[in-house]
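Residue-level listing of the chains:
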Amino acid sequence: MNDIKISVLGSEGVGKSALIVRFLTRRFIGEYASSSECIYRKRVSVEGRQVNLELHDPCSQPCEGQSTLNDQILWADGFIVVYDISDYASFITAKAVVHLIREIHLGAAKRDGDSLVFLVGNKQDLCHMREVRREEAQRLAAESRCHFYELSAAEQHQEVVLIFSKMVQNASLGGKAKERRRRPSGSKSVVKLINNVFGKRRKSV
Ligand SMILES: Nc1nc2c(ncn2[C@@H]2O[C@H](COP(=O)(O)OP(=O)(O)OP(=O)(O)O)[C@@H](O)[C@H]2O)c(=O)[nH]1
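Summary of the structure given here. (Residues numbered from 1 in each chain as written. Predicted model: local features only at pLDDT ≥ 70, side-chain atom pairs only at ≥ 80, totals over all residues. Heavy atoms only, no water.)

1. Here's the deal with the side chain of K5
- Turning to its location among the elements, K5 is positioned in strand β1 (residues 2–9).
- Residue class for K5 comes out buried when judged on its relative accessible area of 1%.
- A polar atom in the side chain of K5 sits 3.4 Å from the side chain of E54. (Helix = DSSP H or I, 4+ residues; strand = E, 2+ residues; numbered from the N terminus. Buried < 20%, exposed > 50% of the residue type's maximum accessible area, 1.4 Å probe, protein only. Polar contact = N/O pair within 3.5 Å; in protein donor to acceptor, adjacent residues only side chain to side chain.)

2. As for the environment of G10
- Here G10 shows up in the loop between β1 and α1 (16–25).
- For the pair formed by G10 and P58, sequence separation is 48 residues and the distance between their alpha carbons is 9.0 Å.

3. Considerations on unusual backbone geometry
- The backbone of R26 shows a phi angle near 70°, a positive value even though the residue is not glycine.
- Given a relative accessible area of 58%, R26 falls into the exposed group.
- We note that R145 has phi near 55°; this positive angle belongs to a residue other than glycine.
- Tracing the backbone shows R145 in the loop between α4 (134–143) and β6 (147–150).

4. With respect to the pattern of salt bridges
- Counted by the stated rule, this structure contains seven salt bridges.
- Here E54 ties to K5 by a salt bridge, and the two come within 3.4 Å at their closest N and O atoms. Pair noted here: E54 is in strand β3 (residues 49–57) and K5 is in strand β1, with a separation of 49 residues, a long-range link. K5 shares its class with E54; the two are buried. (Salt bridge = Lys/Arg side-chain N within 4 Å of Asp/Glu carboxyl O.)

5. Thoughts on the pairing of β1
- Across the eight residues of β1, six count as buried, placing the element largely inside the fold.
- Pairing analysis gives four bridges linking β1 to strand β4 (residues 78–84), with the strands arranged parallel. Looking across to β4, one finds that S7 is bridged to F79. (Pairing = 2+ DSSP bridges.)

6. Description of the pairing of β4
- Of all the seven residues making up β4, seven are buried; the element is thus mostly covered by neighbouring parts of the structure.
- The side-chain alternation of β4 yields two buried faces, one formed by G78, I80, V82 and D84 and the other by F79, V81 and Y83.

7. Comments concerning the sheet that holds β3
- If you walk across this open sheet you meet the six strands as β2-β3-β1-β4-β5-β6, and the pairing is mixed. For this open sheet the edge positions go to β2 (38–46) and β6, each flanked by a neighbour on one side alone. On average, each strand axis in the sheet is inclined to that of its neighbour by 20°, with strand direction left out of account.
- Across nine bridges, β2 lies against β3 in antiparallel orientation. Counterpart to K42 in the pairing with β3 is L53.
- Here α1 sits on the sheet in contact with β1, β2, β3, β4 and β5 (116–122), set at roughly 155° to β3.
- Sitting on the sheet, α4 is in contact with β4, β5 and β6, with an inclination near 160° to β6. (Axes fitted to C-alpha atoms, helices over the stretch in contact; angles between N-to-C directions. Contact = heavy atoms within 4.5 Å.)

Right, here's the structure in full:
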């Protein structure tokens, strides 16, 4: 059995936790913790093979033992880089993250195929407030050799599952585990995740 490590990156409030929670629990809860960084573990089957999936959800606010973006990039086998289609600044951040992933992986002499990157425009249900044109994001994805998706964690369960499943499959086929430099701190089970989503900092969209 091998391990697959996926980091979900992007600026504050773009819906990273919402996407992970959707994938793990099928639910959209609306409010999510931002004060701690964590890794969620799940055993998944890829083409009949059991795989240990680790999903890293970073925290946007300063927290104890926080890993750096560089640590997170070196740790992961694959990346889901999220922006909010109604927030152009979040797209600029996503662009910088995608470039950094490419730079670090090339700098560390990783095989290019090892760095699987999906660029995801979330909150498609807010298209009446759209600030990021689909074509611009598609262009970035093509230039950076990323897969590109637009969706809504709030409204689309199947699409979210599809993206994570595809990433798991690609990372699994991409193969060899990387040497881990530093593992981001914290670990939660899905049960703890559900228990923890209540009573969190409220954010509005
Ligand atoms: N309308 C809409 N709101 C969403 C969607 N996904 C997430 N949100 C909302 O956006 C806010 C931020 O979502 P989070 O999942 O906490 O975002 P995050 O990227 O994990 O935020 P940080 O942990 O602060 O980095 C919450 O109020 C969510 O309910 C979506 O698809 N559509």
